[in-house]
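Examination of the molecular architecture
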Amino acid sequence: MTASNATIRQTIYDAVADLSGVNRYMYPPESIQVPAVVVAGLDMKRATYEGGRESSATILVVVSHSDAEQLETLDRLLDVGDGSIMTALDATTEVDGVSLAWDSAGSYGEVQWNGVAYYGAVITAKVWT
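First things first, this report covers the structure right here in the doc. Please read these numbers as outputs of a predicted model, since none were measured by experiment. (Residues numbered from 1 in each chain as written. Predicted model: local features only at pLDDT ≥ 70, side-chain atom pairs only at ≥ 80, totals over all residues. Heavy atoms only, no water.)

Of the residues making up helix 2 (residues 70–78), those classed as buried are T73, L74, L77 and L78. Along the long axis of helix 2, the arc covered by the buried residues comes to 125°, so they all point the same way. In this structure, the buried residues of helix 2 make contact with strand 3 (53–64), helix 3 (85–90), strand 4 (99–113) and strand 5 (116–128). (Buried < 20%, exposed > 50% of the residue type's maximum accessible area, 1.4 Å probe, protein only. Helix = DSSP H or I, 4+ residues; strand = E, 2+ residues; numbered from the N terminus. Arc of directions from axis to C-beta. Contact = heavy atoms within 4.5 Å.)

Pasting the structure below:
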């Protein structure tokens, strides 16, 4: 059986739980406390007539725009290794029927959210259910 959207969001949220000092949001909030990881959205495509689907998640990663040194934090979060979102996603296999892997990271630079400027990037993660 295919995992629900809520289960997919929860799995991503839980995958990044061990990132030190990073706030997590399962749903896009009105305001963001940085540094933060936001499960911003899901894209789904029908894969089978029995209800199977291919899914991907859009994950927003943001840090403060007040100091360019915050880009070091963003670099660390987007790198591969300990303390990285990419590593946390890739390590998630068969959790509540969901496996994750990062696919791409882009739009690296200034990001606007509800009229507030941040430094950030957008990660696209593949989701298998």
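Still more to cover.
Along the chain, G120 turns up in strand 5. Exposure remark for G120: the relative accessible area of 0% places this residue in the buried category. Spatially, the C-alpha atoms of G120 and P28 are 15 Å apart, while their sequence positions differ by 92 residues. Apart from residues lying up to four places away in sequence, G120 is in contact with V61, V62, L74, S107, Y108, G109 and V111.

This part is about the sheet that holds strand 1 (residues 23–25). Read from one edge of the open sheet, 5 strands run 1-2-3-5-4, paired in mixed fashion. Strand pairing shows two members of the sheet lacking a second neighbour, strand 1 and strand 4, which therefore form its edges. When strand polarity is set aside, the average angle formed by the axes of neighbouring strands in this sheet is 20°. Bridging between strand 4 and strand 5 involves 12 bridges; their strand directions are antiparallel. (Pairing = 2+ DSSP bridges. Axes fitted to C-alpha atoms, helices over the stretch in contact; angles between N-to-C directions.)

Bear in mind that shape data such as this cannot, by itself, settle questions of function.
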